[in-house]
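Remarks on the overall topology
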Amino acid sequence: YLKTDSISKEQEEELYKAYLNMAPSQTLKWLEEGKGPSQQNVEIEGTEPYVVGGHTASGYWVDNNRQTTIKGLYAAGDVAGGAPQKYVTGAMVEGEIAAESIINRFAEFENNSVDINHLAKEYLKKYNIYFNNKGSFFSIEQVEETMQKVMDTYAGGISENYQYNEKSLRIAKDKIMCLYEFTDKLKAVDTDDLLQIYEIKDRLTVCNTLIEHLKARKETRWHSFGENMNYPNTDEKFNKYVNSYYKDGKLNVIYRKLVVEDEEPLVFKFKDDNSLAYGGYTA
């Protein structure tokens, strides 16, 4: 818990305002119970490692329209990097920016006489495999539950007190990649199931990315958030960003210095085939 039962009424008022911005439900809970943080300590619970661009110098690269380096894929809120401490209000604004950008893209389609219905039919036809899978031994929910268990046990989850090592990360990667292969055997009854299959495939991709980033930083920089048991101390040679990009189906990790005056800015450009060119690489 957070020890708050000795704060002043003025400090309590400031906490109310702060939590209205970053966690409104907490302020509502205090008001409903009739007891504020100056009268009782705040109970807390650990959570799992995930993409936390809204709180740290992490997250996905996005442009001004909140489009990621994958054309047509947008990110807002915690998952979007580059703007720490945005909290709820900032995340909502980013969501609006992304939504307006997507709407403008559809307007471009209409102006170019693109048949959206035709595209949708072609899309379903291409991925009709999921509707015809008859030998699926696993449900979408089972794959997701197994994914959660793997990441919790082998990739520094709460059940392991956020501790991991190189051996456990290798096990996590093997199991996550095995689960990814299972997703091609899942069955969709309707388009909502199809959406969930795509979502679990994306989440498994994020799991793999997280594992590779944990492996790449051979140190423990933030104690209690993640303890690398092979490298329990901070190593200044890792005082840099750990970034990654996909190329030919493989995740590639790159290291970048912290901001320096003579460093060339990161530049992303889309090629004619909609692939992403970055620093001589194509993703």
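Let me sum up the structure you'll find in this document. (Residues numbered from 1 in each chain as written. Predicted model: local features only at pLDDT ≥ 70, side-chain atom pairs only at ≥ 80, totals over all residues. Heavy atoms only, no water.)

**Notes on the pairing of strand β4 (residues 250-257)**
Note: strand β3 (residues 240-247) against β4, eight bridges, orientation antiparallel. By the bridge assignment for β4, Lys 247 is matched with Lys 250. (Pairing = 2+ DSSP bridges. Helix = DSSP H or I, 4+ residues; strand = E, 2+ residues; numbered from the N terminus.)

**Describing helix α8 (residues 191-216)**
Since the α-helix turns once every 3.6 residues, residues separated by three or four places project in the same direction. Between the first and last C-alpha of α8 there are 38 Å, a value that for 26 residues agrees with the 38 Å anticipated at 1.5 Å per step. For α8, the capping residue at the N-terminal end is Asp 190, with a side-chain oxygen 3.1 Å from the backbone nitrogen of Asp 192. (Expected span 1.5 Å × (residues − 1). Polar contact = N/O pair within 3.5 Å; in protein donor to acceptor, adjacent residues only side chain to side chain.)

**A closer look at the nonpolar core**
Of all hydrophobic cores here, the largest spans 23 residues; its most connected members are Met 147, Ile 176 and Leu 204. Elements with a contribution of two residues or more to this core: α5 (129-132), α6 (140-154), α7 (166-182) and α8. Counting residues per element, this core draws most heavily on α8, at eight residues. Setting aside its immediate chain neighbours within four residues, Ile 176 contacts Met 147, Val 150, Met 151, Leu 204, Cys 207, Asn 208 and Ile 211. (Core = buried A, V, L, I, M, F, W, Y, C linked by side-chain atoms within 4.5 Å. Buried < 20%, exposed > 50% of the residue type's maximum accessible area, 1.4 Å probe, protein only. Contact = heavy atoms within 4.5 Å.)

**Regarding the packing of α6 against α7**
Following both chains from N to C, one finds α6 and α7 inclined at 170°, their axes separated by 9 Å at the closest point. Here α6 is positioned roughly antiparallel relative to α7, judged by the angle of their axes. Of α7, the residues touching α6 (which contributes Val 143, Thr 146, Met 147, Val 150, Met 151 and Tyr 154) are Ser 168, Leu 169, Ile 171, Ala 172, Lys 175, Ile 176 and Leu 179. Here the residues of the contact of α6 with α7 are counted per class, giving ten nonpolar, two polar and one charged. (Axes fitted to C-alpha atoms, helices over the stretch in contact; angles between N-to-C directions. Parallel < 35°, antiparallel > 145°, perpendicular 65-115°, else oblique. Nonpolar A, V, L, I, M, F, W, Y, C, P; charged D, E, K, R; others polar.)

**Remarks on a nonpolar patch on the surface**
A cluster of nonpolar residues, Ile 102, Phe 106, Val 114, Ile 116 and Leu 119, forms a patch on the protein surface that exposes about 370 Å² of accessible area. Only α3 (87-111) and α4 (116-126) provide two or more residues apiece to the nonpolar patch. With respect to the secondary-structure elements, Val 114 resides in the loop between α3 and α4. Using a relative accessible area of 32% as the deciding quantity, one classes Val 114 as partly exposed. (Patch = residues over 30% accessible without salt bridge, like charges linked within 9 Å, V, L, I, M, F, W, Y side chains within 5 Å. Areas by Shrake-Rupley, 256 points an atom, 1.4 Å probe, with all protein chains shown as cover. Salt bridge = Lys/Arg side-chain N within 4 Å of Asp/Glu carboxyl O.)

**Considering the packing of aromatic side chains**
Think of a pair of aromatic rings as described by two things: how far the centres are apart, and how the planes are tilted against each other in angle. Applying the stated criterion to the full structure yields six aromatic pairs. Measuring from ring centre to ring centre gives 5.3 Å for Tyr 19 and Trp 30, while their planes differ by 75°; the resulting arrangement is edge-to-face. Taken together, the positions of Tyr 19 in helix α1 (residues 9-22) and Trp 30 in helix α2 (residues 24-33) put the pair eleven residues apart, joining distant regions of the chain. You'll find Tyr 19 and Trp 30 in the same group, each marked buried. Ring pairing ties together the aromatic residues Tyr 16, Tyr 19 and Trp 30, which thus form one cluster. (Phe/Tyr/Trp six-rings, centres within 6.5 Å; stacked < 30°, edge-to-face > 60°.)

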